[in-house]
Amino acid sequence: MTAEAKPASPPLTERQEARRRRILHASAQLASKGGFEAVQMREVAEAAGVALGTLYRYFPSKIHLLVATMQDQLQHMHGTLRKRPPAGDDAAARVADTLMRAFRAMQREPHLADAMVRALTFADRSVSPEVDTVSRITTAIILDSMGLQHPTPEQLSAVRVIEHTWHSALITWLSGRASIAQVKIDIETVCRLIDVTTPRDAP
């Protein structure tokens, strides 16, 4: 272990996990009502029923908290998608359907979506583990939609490009620079990379 390396954090106890969930719920509620600016650490602590110092032990900053909120939202979305698999005759169509369902979920809570996306945009190296987790969940959602357990390097590269496009589409829609129709076209277009990178002998 290097001098900069940190030991793995011990798993949370049931009580700690419940406290963490209250904090994330409070963060999502405040963001849903007022966006990024409405998520103030003191107000989150009060809404979650925890001391401010306790909140900072779980989440060192507002950016950490909102990125973790996005992680939580995506995990919930992943569970929902597993219960109701995407429609589509091929992998590209299924991924496009999945990402548009995820986009519409964000569309229903535009203030929350804006807060989470802004936090991802502002995140520095200190938030890298949380940002990496968001990316891993997004990758898992896409791979599940494709029906892939062992993707090739080329397919993983395509997935990364699809992730980048979805994230960019969120930003352009939230800023009013793209319509829902344009987002749908962009997502369907980038999902065709799946066909390009799928081995010809694949089913």
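Quick note: structure is the one above.
These figures come from a predicted structure and were not determined experimentally.

As a further point, take the pattern of salt bridges. Using the criterion set out here, one finds six salt bridges in the structure. Residue Glu37 is joined to Arg118 by a salt bridge in which the shortest nitrogen-to-oxygen separation is 3.5 Å. A residue pair is termed long-range when its members are at least 10 positions apart, and Glu37 in the loop between α1 (14-34) and α2 (41-48) and Arg118 in helix α6 (residues 110-122) qualify at 81 residues. Here Asp144 makes a salt bridge to Arg82, at a shortest N to O gap of 3.1 Å. With Asp144 in helix α7 (residues 128-146) and Arg82 in helix α4 (residues 62-83), this residue pair connects regions lying 62 residues apart in the sequence. Exposure remark for Asp144: the relative accessible area of 38% places this residue in the partly exposed category. Each of the salt bridges in this network shares a partner with another, and the network as a whole consists of Glu37, Asp114 and Arg118.

Tallying each qualifying case throughout the model produces three aromatic pairs. Judged by centre distance (5.6 Å) and plane angle (80°), the rings of Phe36 and Phe122 are edge-to-face. Of this pair, Phe36 sits in the loop between α1 and α2 while Phe122 sits in helix α6, and the two are 86 residues apart along the sequence. Overall, the relative accessible area of 10% leaves Phe36 in the buried class. Taking the relative accessible area as the measure of exposure, Phe122 reaches 47% and is therefore partly exposed. The ring centre of Phe36 lies 4.0 Å from the NZ or CZ of Lys62, which sits over that ring.

The subject of this paragraph is the packing of helix α5 (residues 91-108) against α7. Between two packed helices, the angle of one axis relative to the other and the distance separating the axes together describe the packing. Two elements in contact, α5 and α7, have axes whose closest approach is 8 Å; the angle formed by their N-to-C orientations is 140°. Relative to α7, the element α5 lies oblique. Of the two elements, α5 crosses α7, and the hand of that crossing is right-handed. Two secondary-structure elements touch here, α5 through Ala91, Arg94, Val95, Thr98 and Leu99 and α7 through Ile141, Ile142, Ser145 and Met146.

Attention now moves to the nonpolar core. Ranked by size, the top nonpolar core spans 60 residues in total, and within it Ile23, Trp166 and Cys191 carry the most contacts. The residues touching Ile23, leaving out its near neighbours within four places in the chain, are Val44, Ala48, Val50, Leu55, Tyr58, Phe59 and Leu65.

Below, the discussion takes up the packing of α4 against α6. Axis separation between α4 and α6 bottoms out at 8 Å; the angle between their running directions is 120°. Between α4 and α6, the angle is such that the two are oblique. Crossing of α4 over α6 shows left-handed handedness. Judged by residue contacts, Ile63, Leu66, Val67, Thr69, Met70 and Gln73 of α4 engage Leu112, Ala115, Met116, Ala119, Leu120 and Phe122 from α6. Its residues placed into classes, the contact of α4 with α6 shows 10 nonpolar, two polar and no charged.

This part is about the environment of Glu14. Of note, Glu14 is situated in helix α1. Along the primary structure Glu14 and His25 are separated by 11 residues, whereas in three dimensions their C-alpha atoms are 16 Å apart.

Each full turn of the α-helix corresponds to 3.6 residues, which orients residues three or four apart in the same direction. With 22 residues, helix α8 (residues 153-174) should reach 32 Å at 1.5 Å per residue; the first-to-last C-alpha distance of 32 Å fits that figure. Where α8 is concerned, the buried positions are Gln155, Ala158, Val159, Ile162, Glu163, Trp166, Ala169, Leu170, Thr172 and Trp173. Against α4, α5, α6, α7, α9 (180-190) and α10 (193-197) lie the buried residues of α8.

Time to look at the environment of Leu99. Along the chain, the position of Leu99 falls in helix α5. Each C-alpha atom, one on Leu99 and one on Ala45, is 33 Å from the other, the two residues being 54 residues apart in sequence.

Cut-off values and rules
Residues numbered from 1 in each chain as written. Predicted model: local features only at pLDDT ≥ 70, side-chain atom pairs only at ≥ 80, totals over all residues. Heavy atoms only, no water. Salt bridge = Lys/Arg side-chain N within 4 Å of Asp/Glu carboxyl O. Helix = DSSP H or I, 4+ residues; strand = E, 2+ residues; numbered from the N terminus. Buried < 20%, exposed > 50% of the residue type's maximum accessible area, 1.4 Å probe, protein only. Phe/Tyr/Trp six-rings, centres within 6.5 Å; stacked < 30°, edge-to-face > 60°. Lys NZ or Arg CZ within 6 Å of the ring centre and 35° of its normal. Axes fitted to C-alpha atoms, helices over the stretch in contact; angles between N-to-C directions. Parallel < 35°, antiparallel > 145°, perpendicular 65-115°, else oblique. Left-handed = near helix turned anticlockwise from the far one by under 90°. Contact = heavy atoms within 4.5 Å. Core = buried A, V, L, I, M, F, W, Y, C linked by side-chain atoms within 4.5 Å. Nonpolar A, V, L, I, M, F, W, Y, C, P; charged D, E, K, R; others polar. Expected span 1.5 Å × (residues − 1).

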